[in-house]
Amino acid sequence: MAAKSEALFERAVKCIPGGVNSPVRAFGSIGGTPRFIKKAKGSHIFDVDGNEYIDYIDSWGPCILGHDHPAIREAVVKAAENGLSFGCATEIEVEMAEFICERIPSIEMIRMVNSGTEAVMSALRAARGYTGRDKIIKFAGCYHGHSDAMLVSAGSGVMTSGVPDSAGVTKGCTQDTLTAVYNDLDSVRQIMEANEGQVAAVIVEPVGANMGVVLPEEGFLQGLRDLCTKNGALLIFDEVITGFRLGFTGAQGRFGVTPDLTTYGKIIGAGMPVGAYGGRKEIMEMVSPAGPVYQAGTLSGNPIAMVAGLTQLRILYENPDIYQKLEKKGEKLYGSITEILAEKQAPCRVNHIGSLGCVFFTTESVTDYASAKTSDTKAYADYFHYMLNHGVHLAPAQFEAMFLSDAHTSEDIEKTLELVRNY
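Procedures and definitions
Residues numbered from 1 in each chain as written. Predicted model: local features only at pLDDT ≥ 70, side-chain atom pairs only at ≥ 80, totals over all residues. Heavy atoms only, no water. Axes fitted to C-alpha atoms, helices over the stretch in contact; angles between N-to-C directions. Helix = DSSP H or I, 4+ residues; strand = E, 2+ residues; numbered from the N terminus. Parallel < 35°, antiparallel > 145°, perpendicular 65-115°, else oblique. Left-handed = near helix turned anticlockwise from the far one by under 90°. Contact = heavy atoms within 4.5 Å. 1 Å grid on protein atoms, 1.4 Å probe; cavity = no way out; pocket = protein on both sides within 12 Å on 5 of 7 lines; lining within 4 Å. Points joined across faces, edges and corners; volume = space filled by probe spheres on them. Nonpolar A, V, L, I, M, F, W, Y, C, P; charged D, E, K, R; others polar. Buried < 20%, exposed > 50% of the residue type's maximum accessible area, 1.4 Å probe, protein only. Expected span 1.5 Å × (residues − 1). Arc of directions from axis to C-beta. Pairing = 2+ DSSP bridges.

Asks: Sorry if this is basic, but what is going on with the packing of helix H2 (residues 70-80) against helix H11 (residues 303-318) here?
Replies: A packed helix pair is summarised by two numbers, namely the angle formed by the two axes and the spacing between the axes. Running from N to C, H2 and H11 point in directions that differ by 150°, and their axes come no closer than 9 Å. The angle between H2 and H11 places the two elements in the roughly antiparallel class. Between H2 and H11 lies a crossing whose hand is right-handed. Seen from H2, the contacting residues are Ala-71, Ile-72, Ala-75, Val-76, Ala-79 and Ala-80; seen from H11, they are Ile-304, Val-307, Ala-308, Thr-311, Gln-312 and Ile-315.

Asks: Quick question: what am I supposed to make of the layout of surface pockets here?
Replies: The rolling of a water-molecule-sized probe over the atoms marks out the regions of remaining empty space. In this model, the second largest pocket occupies a volume close to 630 Å³. As for the second largest pocket, its lining consists of 30 residues, and the residues nearest its centre are Glu-93, Ile-110, Arg-111, Met-112 and Ser-300. Among the secondary structure elements, those contributing two or more residues to the lining of the second largest pocket are helix H3 (91-103) and strand S4 (109-113). Split by residue class, the lining of the second largest pocket holds 16 nonpolar, ten polar and four charged.

Asks: Even after reading the chapter, I still don't get unusual backbone geometry, so can you show me in this structure?
Replies: For residues that are not glycine, phi is negative in most cases, and the peptide bond is trans in most cases. Each neighbour pair has its own omega, and for Ser-288 with Pro-289 the value is 5°, a cis peptide bond. Checked against the element boundaries, Pro-289 lands in the loop between helix H10 (281-284) and H11. Positive phi, normally seen in glycine, also occurs at Ser-59, with a value near 55°. One can find Ser-59 in the loop between strand S3 (52-55) and H2. Located in the positive-phi region is Phe-244, a residue other than glycine, with phi close to 60°. Phe-244 sits in the buried class, given a relative accessible area of 1%.

Asks: Teacher, can you tell me more about H3 here?
Replies: In an α-helix, one full turn covers 3.6 residues, which means residues spaced three or four apart are oriented alike. For H3, with 13 residues, the first-to-last C-alpha span of 19 Å sits near the 18 Å given by 1.5 Å per residue. Among the residues of H3, Ile-92, Met-96, Ala-97, Phe-99 and Ile-100 are the ones counted as buried. The buried residues of H3 all sit within an arc of 160° when viewed along its axis, so they share a single face. Turned more than 90 degrees from where H3 packs its buried face, Glu-91 and Glu-102 sit exposed. Its buried side turned inward, H3 meets S4 and H11.

Asks: Would you explain the pairing of strand S10 (residues 275-279) in this entry?
Replies: Looking down a regular strand, the side chains alternate between one sheet face and the other. Buried residues dominate S10, accounting for five of its five residues. Inspection of the sheet shows S4 paired to S10 by five bridges, in the antiparallel sense. When the bridges of S10 are listed, Val-113 appears paired with Gly-275. Strand direction decides the pairing type here: strand S9 (residues 261-264) and S10, joined by four bridges, are antiparallel. When the sheet's bridge partners are listed, Thr-262 is paired in S10 with Gly-278.

Okay, structure coming up:
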């Protein structure tokens, strides 16, 4: 039953473009009516019609401890008693910056912003300001937010809607964005050689998570590091998805590759609107007011978002067993789905790492954007609605990740696996 959600959507489409405030929520690629969520607790969410679901979106990743974690909620309520926003410097901003800089080896200075999109946009500007170069290399299928220069062969919602780029983005905005093939070092090398001395930075999702989950092949990330060093370009890891999720030090710690700049997103706000970019001191000191690269934000470092995020990061840092449990849960869920689909001889592939996973409806191994696009999106839509109708909330798009949280129980996972067996 989804009568209330359907009624809300009818109202929404009259005053919000597409009825939603972010494209993938519209169920555009899988059909049907989006569920309007009323509340969430632990690993479950509840819609306005009273339906309960096991949630594998986790607000698109940041709720790694589960929804409505009591310590985070208590910290937010207490902070809110002092006010919601000041537009001035606060102590909690300093505490957050110190906490990250002291624990993430690649980050010597960090700047808070309001979203992952803003973090990427600002990091690219800093890279250009530092190197004095204009061109940026990105990878087809990697999504780095909706700033103009990055909407070139993007993944995620852009893939989902069937629009490879965006109307309203001028040629001038993208002429310095060069697109390489994920997991293909030769494609990067060729672009570097063809644009010698002009590439400011290479930006990459160290684990692709916006064309579905696509893992870096052995040596790919280190190869990028070596190419950037050789050519005087900066290496930027977009860890909006992987940061503090694949381990406390994110993908860079897991794979042992050090970027020059890193971008973070909602996980450092425990789900509240926040982002950050940071890296080597000499690069970050280019940022205004310390340097000539301008970037500002009235709500950057919002005290409520900072206290929520810092509370979560402290819990993760002080309880490393959380990551060990997430690894085991990931292996149980994604590994078992792989086995079940193999037994069924289903035309599917499962990519996963830690708590991130994706079921691709294709017979091909998915290693890049082109192979991801071989997925049967109609088959995924059927699977999505089957799972939704049986109480499991997945991403409403083939090209998004599944997220496990510390709150997911063995019962949640077993119920999910049973549904896959019966599908």
